[in-house]
Amino acid sequence: MNKKELTHTGWQLENSYSRLPEVFYRKITVHPVKSPKLVIFNEALAEKLGLDSAEITAEDGVAILAGNQIPEGSTPIAQAYAGHQFGNFTMLGDGRALLIGEQLTPSGKRLDIQLKGSGRTPYSRGGDGRAALRPMLREYLISEAMHGLGIPTTRSLSVVETGEMVRRETALPGAVMTRIADSHLRVGTFQYAARFGTKEDLKALADYALERHFPHVQDASHPYLALFQEVIKQQAALLAKWQLVGFIHGVMNTDNMAISGETIDYGPCAFMDSYDPKTVFSSIDVQGRYAYGNQPMIAGWNLARFAESLLPLLHDTPEEAVNMAQEELTSYVEQFQNHWLSGMRKKLGIFNEEAEDSTLVEALLNLMHQHDADYTNLFRALTFTKLQGSELFETPEFKEWRSSWQARLERQEESQEESQQLMLNNNPAIIPRNHRVEEALAAAEFQGDYSVLHRLLTVLADPYAHSAEQEAYTEPPEPTNGPYQTFCGT
Ligand code: AMP
Ligand code: MG
């Protein structure tokens, strides 16, 4: 591959991360795969990145997406990080990913380009460094659906089948996914620095995070406290967004929480059907640690671990540093509550604030829980005032709730039409329903038929469109014998 061809593809790569102290990464060599075949590609995203789709999807371009070739200007690295997995501290790191570099986009952004499933690294421990096709397609689909829902997330540029099998419980087709992120700095990266690095290393990492994500507070009187405050701000907003659409991450370990405030590391995630705060899909989450209703609290727990790693930078006196951190953590709870309640008001068509609003919302959620109402469809039914599809609507308790809601709407200045528009913009018509996700992935994996997946991606790209073609995708799953289960994407 000559240089001229490469520049045509549009890669404009840098690697500012590798200017951090060496403890933070290892340079790695690539592990070419047998016969790369591009199976899905995100043209709209490629355009935003400044990449030439035609060139990238040609043989030489795909060689890069497969990890067989390294583009001009790239020094591939694996990042070091640690993390609490289900509450237990462990050394981790990119065990099956490599960072090609940071793409400088036409609009002036700096975005990480990471290959996932690209082979063994010094952090692979016992793993093979590879990924199976289906979980990579799943991450592609769900992350793009999250983007459609307006939720900050890493994005997916492509999935390439490797032509090699990976050995899990059975032999499965292997794949490499290209993931795009504001960065891959994790709470776990800071935990790693605090545990295994020097104070200078930690400071270098914090300065890097400030420069990359929060340049507006770099000159604050206490930049590291400001860093903590900014990360809290992002997580409070993110968690509210997850809760409002019924998204369950499934594995909120501290290594899976990004400093940028993007949703990251889609493994056993899934969307809730009927409303139940205890909903868990992940097969390994037997205790329900990462259940839907626990997520905001767990994010707070993760932020406390982030604070612990920042303590040496917060204050020279440990007690003082802890006090500062604790004060900020209290503010996380408040910020989350405010975002969540303001989102719920929008879902119910409410513009202004009244003290009793949270009681009104809680009452509805309790009724939904008692009557196994489908979370997405119930809000949508309220949006259209077509009160069908749930036995809840026939109950006297609901009728009473509805009267207080109607009365609440009448107490605001905005018209009914304005309320309805607000609800349409805040209650998605569709979410990636588990049975639809599985159907699309099965067609791709077993028949090589990507049309089902493409159709699903199309309707999920604009979930607030409430279009006729989305209607078929709004059906909740048929009741099954057992609960839907998801598995970690290894
Ligand atoms: P995840 O469940 O994707 O968040 O991964 C947790 C940790 O396990 C990370 O350090 C991964 O790099 C590592 N890991 C997951 N799968 C593999 C694999 N197949 N080979 C090596 N490391 C892996
Ligand atoms: Mg992870």
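Going by the structure above, here's the rest.
Let us look at the structure shown here. (Residues numbered from 1 in each chain as written. Chains lettered and ligands numbered in written order. Predicted model: local features only at pLDDT ≥ 70, side-chain atom pairs only at ≥ 80, totals over all residues. Heavy atoms only, no water.)

1. Quick word on the nonpolar core
Right, on to step 1. Ranked by size, the top nonpolar core spans 145 residues in total, and within it Leu137, Val159, Phe190, Leu227, Met368 and Leu382 carry the most contacts.
Right, on to step 2. Top contributing element to this core by residue count: helix H8 (residues 223-245), with 14 residues.
Right, on to step 3. Residues within four places of Phe190 in sequence aside, it is in contact with Leu202, Leu205, Ala206, Ala209, Leu227, Ile259, Phe306, Ser309 and Leu310. (Core = buried A, V, L, I, M, F, W, Y, C linked by side-chain atoms within 4.5 Å. Buried < 20%, exposed > 50% of the residue type's maximum accessible area, 1.4 Å probe, protein only. Helix = DSSP H or I, 4+ residues; strand = E, 2+ residues; numbered from the N terminus. Contact = heavy atoms within 4.5 Å.)

2. Description of the side chain of Thr395
Right, on to step 1. Take Thr395: it is sitting in the loop between helix H12 (375-384) and helix H13 (396-410).
Right, on to step 2. Of the polar contacts made by the side chain of Thr395, one reaches the backbone oxygen of Leu392; its length is 2.7 Å. (Polar contact = N/O pair within 3.5 Å; in protein donor to acceptor, adjacent residues only side chain to side chain.)

3. As for the coordination of the magnesium ion (ligand 2)
Right, on to step 1. Donor atoms from the polypeptide that bind the magnesium ion (ligand 2) are Asn256 (OD1) and Asp265 (OD), placed at 1.9 to 2.1 Å. One exposure class covers both Asn256 and Asp265, and it is buried. (Donors = N, O, S within 2.8 Å, 3.2 Å for Na, K, Ca; no water.)

4. Considerations on H13
Right, on to step 1. Helix length check: H13 (15 residues) gives 21 Å between terminal C-alpha atoms against 21 Å at 1.5 Å per residue, within 8%.
Right, on to step 2. Looking only at H13, the buried set comprises Phe398, Trp401, Trp405, Arg408 and Leu409. All buried residues of H13 project into a common sector of 95° when viewed along the axis, lining one side. Away from its buried face, by an angle of more than 90 degrees, H13 presents the exposed residues Pro396, Glu400 and Glu410. (Expected span 1.5 Å × (residues − 1). Arc of directions from axis to C-beta.)

5. Details of empty space enclosed by the protein
Rolled over the atoms, a probe as big as a water molecule pinpoints where empty space is left.
Right, on to step 1. By the definition in use, this model includes one cavity of 30 Å³ or more.
Right, on to step 2. Its volume calculated, the largest cavity comes out at about 80 Å³.
Right, on to step 3. As for the largest cavity, its lining consists of 14 residues, and the residues nearest its centre are Gln235, Trp242, Asn256, Met257 and Ala258.
Right, on to step 4. In terms of residue count, H8 provides more of the lining of the largest cavity than any other element does, four residues in total.
Right, on to step 5. Looking at the lining of the largest cavity, its residues break down into seven nonpolar, six polar and one charged. (1 Å grid on protein atoms, 1.4 Å probe; cavity = no way out; pocket = protein on both sides within 12 Å on 5 of 7 lines; lining within 4 Å. Points joined across faces, edges and corners; volume = space filled by probe spheres on them. Nonpolar A, V, L, I, M, F, W, Y, C, P; charged D, E, K, R; others polar.)

6. Regarding the layout of surface pockets
Right, on to step 1. As a volume, the largest pocket reaches approximately 1100 Å³.
Right, on to step 2. Along its surface, the largest pocket is lined by 38 residues, and Asp273, Ser274, Asp374, Pro476 and Pro477 are the ones closest to its centre.
Right, on to step 3. Counting residues per element, the ones that place at least two in the lining of the largest pocket are H12 and helix H15 (434-447).
Right, on to step 4. Ranked by the residues each element gives to the lining of the largest pocket, the list is headed by H12, at five residues.
Right, on to step 5. Here the lining of the largest pocket is built from residues that sort into 14 nonpolar, twelve polar and twelve charged.

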